[in-house]
Amino acid sequence: MFRSILKPRAISRAVILADIMTEGVPQIIDGALDVSLWERALSADVLQTNLWLLAYEADLKGWLQAPVAGYVMTHPYFAELRRRKVSFYDDEKTLRNVRRLKPKGPSEAFLKHMAALRAKPIEFDDVLDELEEWEQDEGEYGGY
């Protein structure tokens, strides 16, 4: 389970799981959870990897026990964030069910723009003329 959570795209899941563990939500996690892999990874070096969010927030919020306390304060950039108590994870935030929200309609500016485009007739010869302006001399390539 932990190996899949520690993949780059799943770090946010690890942060949420660490938060849930400290909140004591037994109905979500059945039994004890072995976090020793995460705790062994907590170091200043890890702050420069894809695990930085877990390592930083775990120290800031006291979620996990690091092998060496104060590892965030030894990092030149994260130490300043820690001193200012900057957090990238809001444990007080609740999310609305976005499936129940009705999407907004197009803006008035967008509707005016689309109406203007539809009102302007497009002539095939005009399109060809514009494309010819972009052509390069033979042998030249202006791409990336």
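Residues numbered from 1 in each chain as written. Predicted model: local features only at pLDDT ≥ 70, side-chain atom pairs only at ≥ 80, totals over all residues. Heavy atoms only, no water.

Enquirer: Which parts of the structure should I look at to understand the environment of Leu17?
Expert: When you line up the elements, Leu17 lands in helix α2 (residues 11-23). Classification of Leu17 as buried rests on a relative accessible area of 12%. Placed 16 residues apart in sequence, Leu17 and Leu33 show a C-alpha to C-alpha distance of 9.9 Å. (Helix = DSSP H or I, 4+ residues; strand = E, 2+ residues; numbered from the N terminus. Buried < 20%, exposed > 50% of the residue type's maximum accessible area, 1.4 Å probe, protein only.)

Enquirer: Just checking my understanding: could you explain the nonpolar core for this structure?
Expert: One recurring pattern in soluble globular proteins: nonpolar side chains tend to sit buried together. Core analysis: the largest hydrophobic core is formed by 23 residues, its most contacted members being Val15, Trp38, Leu54, Trp63 and Leu64. Where this core is concerned, the elements lending two or more residues are α2 and α4 (52-61). (Core = buried A, V, L, I, M, F, W, Y, C linked by side-chain atoms within 4.5 Å.)

Enquirer: Is there a simple way to explain the packing of aromatic side chains in this structure?
Expert: Any two aromatic rings considered together are summarised by their centre-to-centre distance and by the angle between their planes. Following the criterion strictly, the structure yields 5 aromatic pairs and no others. Aromatic pair Trp52 and Phe88: ring centres 5.2 Å apart, planes at 90°, arrangement edge-to-face. You can see Trp52 sitting in helix α4 and its partner Phe88 sitting in the loop between α5 (78-83) and α6 (108-119), a full 36 residues away along the chain. Look at Trp52 and you get partly exposed, because its relative accessible area is 29%. Accessibility expressed as a relative area gives 44% for Phe88, which makes it partly exposed. The rings of Trp52, Tyr56, Phe78 and Phe88 are connected pair by pair, giving a single aromatic cluster. (Phe/Tyr/Trp six-rings, centres within 6.5 Å; stacked < 30°, edge-to-face > 60°.)

Enquirer: How should I be thinking about the confidence of the model for the protein in this particular structure?
Expert: Any region with low pLDDT has predicted coordinates that should not be read closely. Taken as a whole, the protein shows an average pLDDT of 79; of its residues, 74% reach a score of 70 or greater. Here helix α1 (residues 2-5) stands out as the least confident element of the protein, with mean pLDDT 48; α5 is the most confident, with 96. (pLDDT = per-residue confidence, 0-100.)

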